[in-house]
Amino acid sequence: FASSPGVALHGVLERLLVVNGVVDWTMPRDEAYHFMVLGRELERIDMVGRLLALRHDLLWPSSGPAATLRAAGALSPYLRTGRPITALDVRRFLVLDATFPRSMRSCASDAEDAVRGLQRLGVSDSSLLLREVGMLRSELEYARIMSADDVETFIAEARDAAQRAGDEANRSFFRQHGTI
């Protein structure tokens, strides 16, 4: 593996995909599943925000937008849209696209569904958590991004909202009671 780290990385990614598929196919849709989905989606929002904060388009104007799409696993889905690969369009896609499962908008929608699932199971009565993820989802769903500055604002706000939602989930469900 030392002579070919790409092959090793590909093997690791394949195994992770298998584990993710098995969990998704076999795990009951109980509170553990909803917590897992909530955590995964909030983490994805943060990671897409971090990726977009790197500004590959400024470092490498000709290949930066494509590199950003590759890093997000979004090159093929983006190419299917038929839009030219420009920095602003790529950033809009990763923030607002409703059909790409790792866009910030899609992740916020899935996070809201997970919180609602917890409420249906009677696990959560935290309206603050639902408010946080619901506001994030609605802001992304109804966003009108016209300029690069708008994209930067939405990226920063989405990351902050995901952080607040994670903090609220921690406060609501994972309080430490005393010391061990």
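Computed from a prediction, not measured in an experiment: that's the story for all the values here. (Residues numbered from 1 in each chain as written. Predicted model: local features only at pLDDT ≥ 70, side-chain atom pairs only at ≥ 80, totals over all residues. Heavy atoms only, no water.)

Colleague: Hey, could you run me through the nonpolar core in this one?
Modeller: Soluble globular proteins tend to pack their nonpolar side chains together in the buried interior. One finds L38, I45, L94, V95, M104, V133 and L140 to be the most contacted residues of the largest nonpolar core, which totals 39 residues. Elements that contribute at least two residues to this core include exactly α2 (31-53), α6 (87-96), α7 (104-120), α8 (127-141) and α9 (148-173). Setting aside residues up to four positions removed in sequence, V95 forms contacts with L52, S103, M104, R105, L140, V151, F154 and I155. (Core = buried A, V, L, I, M, F, W, Y, C linked by side-chain atoms within 4.5 Å. Buried < 20%, exposed > 50% of the residue type's maximum accessible area, 1.4 Å probe, protein only. Helix = DSSP H or I, 4+ residues; strand = E, 2+ residues; numbered from the N terminus. Contact = heavy atoms within 4.5 Å.)

Colleague: Whenever I open this one, the packing of α6 against α9 confuses me. Can you help?
Modeller: Each pair of packed helices can be summarised by the angle the axes make with each other and by the distance between the axes. Between α6 and α9, whose axes approach to 10 Å, the crossing angle comes to 30 degrees. Between α6 and α9, the angle falls in the class roughly parallel. Pair α6 / α9 crosses with left-handed handedness. Taking contact as the criterion, the partners of L88, R91, R92 and V95 in α6 are, on α9, A148, V151, E152, F154 and I155. Residue composition of the contact of α6 with α9, by class: six nonpolar, no polar and three charged. (Axes fitted to C-alpha atoms, helices over the stretch in contact; angles between N-to-C directions. Parallel < 35°, antiparallel > 145°, perpendicular 65-115°, else oblique. Left-handed = near helix turned anticlockwise from the far one by under 90°. Nonpolar A, V, L, I, M, F, W, Y, C, P; charged D, E, K, R; others polar.)

Colleague: I'm lost on the pattern of salt bridges in this one. Help?
Modeller: Opposite charge on two side chains lets them pair, provided their charged atoms get close. Under the definition given, this model contains 14 salt bridges. Ionic pairing is found between D46 and R50, a salt bridge with its closest N-O pair at 2.8 Å. A residue pair is termed a helical-turn pair when its members lie 3 or 4 positions apart in one helix, as D46 and R50 do in helix α2 at four residues. A residue is classified by how much of its surface remains accessible, and R50, at 45% relative accessible area, is partly exposed. (Salt bridge = Lys/Arg side-chain N within 4 Å of Asp/Glu carboxyl O.)

Colleague: Would you mind going over the side chain of H34 with me for this structure?
Modeller: Along the chain, H34 turns up in helix α2. H34 sits in the buried class, given a relative accessible area of 11%. Residues contacting H34, with those up to four places away along its chain left out, are R29, A114, G117, L118 and L121.

Colleague: Before we go on, may I ask you to explain the packing of aromatic side chains in this structure?
Modeller: Aromatic ring pairs are defined here through the distance separating the ring centres and the angle between the ring planes. Scanning all chains against the criterion turns up three aromatic pairs. Seen from their ring centres, F35 and F173 are 4.9 Å apart, and the 80 degrees between their planes marks the pair as edge-to-face. Of the two residues, F35 is situated in helix α2 and F173 in helix α9; the sequence distance between them amounts to 138 residues. An aromatic cluster of at least three residues, connected via ring pairs, comprises Y78, F93 and F100. The ring of Y33 is capped by R29, whose NZ or CZ atom sits 4.0 Å from the centre of that ring. (Phe/Tyr/Trp six-rings, centres within 6.5 Å; stacked < 30°, edge-to-face > 60°. Lys NZ or Arg CZ within 6 Å of the ring centre and 35° of its normal.)

Colleague: Just checking my understanding: could you explain unusual backbone geometry for this structure?
Modeller: Negative phi values dominate among residues other than glycine, just as trans dominates among peptide bonds. You will see that R55, though not glycine, has its phi angle at about 55 degrees, which is positive. Summarising the element assignment, R55 is placed in the loop between α2 and α3 (56-59).

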